[in-house]
Amino acid sequence: MTSSLSLAPTLSLAPGVDIPLLGLGTWPMNDEEAAAAVAEALRLGYRHVDTAENYGNERGVGEGLRRSGVAREAVFITTKFNRQWHSVDGARQACEASLARLGVAYIDLLLVHWPNPDQDRFVEAFQGLVKLHEAGLVRAIGTSNFKPAHLERLFELGLLPQLNQIQLDPYHRRDDLLAIHRRKGIVTGAWRPLGCGNAMLADPVIAGIAEAHGRTSAQVVLRWIVQQGIVATPKSANPERLAQNLDIFSFSLSEAEMAALDTLDRPDPTMLDADSFGH
Ligand code: A2P
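Described in the following lines is the structure provided in the data block.

The rules behind the values
Residues numbered from 1 in each chain as written. Predicted model: local features only at pLDDT ≥ 70, side-chain atom pairs only at ≥ 80, totals over all residues. Heavy atoms only, no water. Helix = DSSP H or I, 4+ residues; strand = E, 2+ residues; numbered from the N terminus. Expected span 1.5 Å × (residues − 1). Buried < 20%, exposed > 50% of the residue type's maximum accessible area, 1.4 Å probe, protein only. Near = heavy atom within 4 Å. Polar contact = N/O pair within 3.5 Å; in protein donor to acceptor, adjacent residues only side chain to side chain. Areas by Shrake-Rupley, 256 points an atom, 1.4 Å probe, with all protein chains shown as cover. Nonpolar A, V, L, I, M, F, W, Y, C, P; charged D, E, K, R; others polar. Arc of directions from axis to C-beta. Contact = heavy atoms within 4.5 Å. Phe/Tyr/Trp six-rings, centres within 6.5 Å; stacked < 30°, edge-to-face > 60°. Lys NZ or Arg CZ within 6 Å of the ring centre and 35° of its normal.

Some points on helix α4 (residues 122-134)
Its 13 residues give α4 an end-to-end C-alpha distance of 19 Å, which sits within 8% of 18 Å, the value for a rise of 1.5 Å per residue. If you check which residues of α4 are buried, you get Phe-122, Val-123, Ala-125, Phe-126, Gly-128, Leu-129 and Leu-132. Downstream of α4 by a residue or two, Gly-136 has a phi angle that is positive, lying close to 80°.

Re the site of the ligand
Neighbouring the ligand are 16 residues; Leu-194, Ser-236, Arg-241, Gln-244 and Asn-245 lie closest to it. Between Gly-195 and the ligand, the recorded distance is 3.3 Å, taken from a backbone N or O atom to an oxygen atom. Within the complex, the protein chains bury 80% of what would otherwise be the 560 Å² of accessible surface of the ligand. In terms of residue count, helix α9 (residues 239-246) provides more of the shell around the ligand than any other element does, three residues in total. Here the shell around the ligand is built from residues that sort into seven nonpolar, six polar and three charged.

Looking at helix α10 (residues 255-262)
Residues that lie three or four places apart on an α-helix share one face, since the helix turns once every 3.6 residues. Regarding α10, the residues found buried are Glu-257, Met-258 and Leu-261. Each buried residue of α10 sits inside an arc of 100° when the element is viewed along its axis, so together they form one side. The exposed residues of α10 that point more than 90 degrees off its buried face are Glu-255 and Ala-256. Buried residues along α10 sit in contact with α7 (204-213) and α8 (217-226).

A short note on the packing of aromatic side chains
Two measures describe an aromatic ring pair: the distance that separates the ring centres and the angle between the ring planes. With the rule as written, the count across this model stands at three aromatic pairs. Ring centres 6.4 Å apart and planes at 65° place the aromatic pair Trp-114 and Trp-191 in the edge-to-face group. Note that Trp-114 is positioned in the loop between β6 (107-112) and α4 and Trp-191 in strand β9 (residues 187-191), a separation of 77 residues in sequence. Of the two residues, Trp-114 and Trp-191, both sit in the buried class. Between Phe-122 and Phe-146 the ring centres are 5.3 Å apart and the planes differ by 80°, which places this aromatic pair in the edge-to-face class. Taken together, the positions of Phe-122 in helix α4 and Phe-146 in the loop between β7 (138-144) and α5 (148-156) put the pair 24 residues apart, joining distant regions of the chain. No difference in accessibility class separates Phe-122 from Phe-146, as the two residues are buried. Every member of this aromatic cluster is reached through a ring pair, and the members are Trp-114, Trp-191 and Phe-277. The lysine or arginine in question, Lys-184, covers the ring of Phe-155, its NZ or CZ lying 4.5 Å from the ring centre.

As for unusual backbone geometry
At the junction of Trp-27 and Pro-28, the peptide bond is cis and its omega measures out at 5° in the coordinates. Note that Pro-28 resides in the loop between β3 (24-25) and α1 (31-44). For Arg-174, which is not glycine, the phi torsion reads 60° and is therefore positive. Mapped onto the secondary structure, Arg-174 falls in the loop between β8 (163-167) and α6 (175-184). Even without glycine at this site, Arg-192 takes up a positive phi of about 50°. Within the element layout of this structure, Arg-192 appears in the loop between β9 and α7. Taking relative accessible area as the criterion, Arg-192 reaches 31% and is therefore assigned partly exposed.

None of the figures reported here should be taken as evidence of function without further support.
Structural data, given as structure tokens:
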């Protein structure tokens, strides 16, 4: 059995609200898979779990939390809501439904899952988040998959997400968004950080750096992300890979290695586009 690892370092989202740099992603787990993975991850030392209404596994995440015996307050829980809730009232209903499914009294970070610009109600959805934050039902609020133009609409009204979670990995560097996030003090979250188990992990540049450190390609990719101060939430249902993915804080990449990984960015015509995709 793998023993527990040190906790991941945290990043400040707001005074008194710290998000662990490494968390467990839970898509596409069902309730039972999520319960087992969350319980195991928390046993290993994870203190951050990422779920969503759309994943259909919030009940499992709550069950895993209770099974683990780790105190609710020690765990950072992110969830997200769907397009049907894009209004001030809708955000409250979505939040209350997530709270009930998770079986918790508050959510650490609640995100608008996709901007869905076709219905053009993401501003109202975010205004709903502001109200939930004021009411103390959520500790921090943000967006997911917002592109520069969607963020600008919020900025024009003086609204500021504390985090924007986007697809990000060495093949998808997202420099345009990172520049905006830096300028505005928005924390970046990376979803699908391992490229969903695809060929990226076999990339010779990544594999070469991994070999030099006696680490795996997945660890090098995750280290490249967190070393930039970006939050990563890799999914794994496998106890060994869960442990491996958290064990990235006892080595670091050199400037030259970071720069080599920076060169891997490339166009991806299959990447989901938040102007046309959303739920
Ligand atoms: P598994 O659940 O069997 O570990 P992402 O978070 O980028 O979507 O990637 C998740 C995918 O990557 C899953 O298929 C997961 O499979 C796999 N995965 C997770 N951690 C590792 C790892 N350390 N090495 C290789 N594959 C991994």
